[in-house]
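What follows is the residue order along each chain.
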Amino acid sequence: MVFAVPHDTVLVTDGGLATELEARGHDLSDDLWSARLLVDAPDEIVAVHRAFFRAGASIATTASYQASFDGFAERGIARDDTARLLRRSVELAKAARDEAGGLGWVAASVGPYGAALANGEEYVGRYGLSVAQLTDWHRPRLEILADAGADVLALETVPDVDEAEALIGLVHDLGVPAWLSYTIAGTTTRAGQPIADAFAVAAHVPEIVAVGVNCCAPDDVEHAVEIARDVTGKPVVVYPNSGEDWDGDRRTWVGTSHWSARLAPRWVAKGARIVGGCCRVRPSDIAELAATLR
């Protein structure tokens, strides 16, 4: 099956994989975050994917967001074994899909460079690296995930245009479908660029099948959907977090949740065609979302 974003219906994607793993008793406070469980507890990753499918999601996003060659090397894991673990992230999501009835899609998560720094840098952006340097860093992981059999690559939580350009260039070279999703604050990327400029870099790239936002406040989504649709003409993907803020120093979420499935019909009316949740959004929230959109 070739992944295609519908223009007349809505696909529901999953919620916070790490959030649910923590709820199941796993300590994810180290630098590898949920990617550590690709080594230590792969069955738990399958269980969480399965829970989101059963809640009504039709897309599972793999546990590769914070997986990187650098991060695994710091744990003494060789490059060949890291490649195997990246492939495993796709295999686990596929296994959960099969257990849940075999219907649905697998999106291979490609987190930003800041995720590998493990200190919340993806909510800041502007790492001091050039587009060429970011391209070199991302290339090995993208090549493996593109070959691992996922239906689509999820270029997600991208904080600035430089990193988006690097990722888009790689996807175009590889010739695989991907969505591009920025993390934003209000009307700008986390690095402070207008989101209209950020979306524009993907407008004429056929491999980018959808553009949008994720891991941002729910209140920031509706305006972003309008701009993404108007600038690119592509289907829009949105999966905000709960509205709480990440404290990178304390490695915890602070604030109050603003998540509500009742917001989703407004996003869909503006052009969103893939809708779900990110950090702090649980299977029960996705079940409510799926029911609301039905």
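Residues numbered from 1 in each chain as written. Predicted model: local features only at pLDDT ≥ 70, side-chain atom pairs only at ≥ 80, totals over all residues. Heavy atoms only, no water.

Participant: Looking at this structure, how should I read the packing of aromatic side chains?
Facilitator: Each aromatic ring pair is characterised by the separation of its centres together with the angle its planes make. Tallied over the entire structure, the rule returns five aromatic pairs. Aromatic pair Trp 179 and Tyr 239: ring centres 5.9 Å apart, planes at 75°, arrangement edge-to-face. Taken as a pair, Trp 179 in strand S5 (residues 178–182) and Tyr 239 in strand S9 (residues 236–239) lie far apart in primary sequence, 60 residues in all. Tyr 239 carries the same exposure label as Trp 179, and that label is buried. Ring geometry for Tyr 182 against Phe 199: centres 5.7 Å apart, planes inclined by 75°, an arrangement best described as edge-to-face. Within this pair, whereas Tyr 182 is found in strand S5, its partner Phe 199 is found in helix H9 (residues 195–200), the two being separated by 17 residues in sequence. (Phe/Tyr/Trp six-rings, centres within 6.5 Å; stacked < 30°, edge-to-face > 60°. Helix = DSSP H or I, 4+ residues; strand = E, 2+ residues; numbered from the N terminus. Buried < 20%, exposed > 50% of the residue type's maximum accessible area, 1.4 Å probe, protein only.)

Participant: Which parts of the structure should I look at to understand the pattern of salt bridges?
Facilitator: Oppositely charged side chains are able to pair whenever their charged atoms sit close together. Per the stated rule, a full pass over the model turns up twelve salt bridges. In this structure, Arg 97 engages Asp 151 in a salt bridge whose closest nitrogen and oxygen atoms are separated by 3.1 Å. Taken as a pair, Arg 97 in helix H5 (residues 79–99) and Asp 151 in the loop between helix H7 (131–147) and strand S4 (152–158) lie far apart in primary sequence, 54 residues in all. A relative accessible area of 12% means that Arg 97 is categorised as buried. For Asp 151, a relative accessible area of 15% puts it in the buried group. In this structure, the salt-bridge partner of Asp 162 is Arg 126, at a minimum N-O distance of 2.9 Å. In this pair, Asp 162 sits in helix H8 (residues 161–174) while Arg 126 sits in the loop between helix H6 (113–117) and H7, placing the two residues 36 residues apart along the sequence. The partly exposed category is assigned to Asp 162, whose relative accessible area is 21%. Within this structure, Arg 126, Asp 160 and Asp 162 form a network of salt bridges that share partners. (Salt bridge = Lys/Arg side-chain N within 4 Å of Asp/Glu carboxyl O.)

Participant: How do you make sense of the sheet that holds strand S3 (residues 105–110) when you look at a structure like this?
Facilitator: Note: strands within a sheet are paired through backbone hydrogen bonds, in either parallel or antiparallel orientation. The strand order S1-S12-S9-S8-S5-S4-S3-S2 describes an open sheet built from eight strands, whose pairing is parallel. In this open sheet, the two strands that pair with only one neighbour each are strand S1 (11–12) and strand S2 (59–61). Each of S2 and S3 is contacted by H5, which is oriented at about 155° to S3, the strand it contacts most. (Pairing = 2+ DSSP bridges. Contact = heavy atoms within 4.5 Å. Axes fitted to C-alpha atoms, helices over the stretch in contact; angles between N-to-C directions.)

Participant: Just to check I follow, could you spell out the side chain of Arg 36 for this structure?
Facilitator: Looking at the secondary structure, you find Arg 36 in the loop between helix H1 (17–23) and helix H2 (37–40). Among the polar contacts made by the side chain of Arg 36, one reaches the main-chain carbonyl oxygen of Asp 27 at a distance of 2.4 Å. In this structure the side chain of Arg 36 is engaged in a polar contact, spanning 2.8 Å, whose partner is the side chain of Asp 40. The residues contacting Arg 36, other than those within four sequence positions of it, are Asp 27, Leu 28 and Asp 30. (Polar contact = N/O pair within 3.5 Å; in protein donor to acceptor, adjacent residues only side chain to side chain.)

Participant: Explain the pairing of strand S8 (residues 208–214) to me, please; I cannot follow it from the model alone.
Facilitator: Along any regular strand the residues' side chains alternate between the sheet's two faces. Burial within S8 is extensive, with seven of its seven residues counted as buried. Where S5 and S8 come together, five bridges link them in parallel fashion. Pairing of Leu 180 across the sheet is with Val 211, part of S8. Judged from the four bridges that link them, S8 and S9 form a sheet pairing that is parallel. When the sheet's bridge partners are listed, Val 211 is paired in S9 with Val 236.

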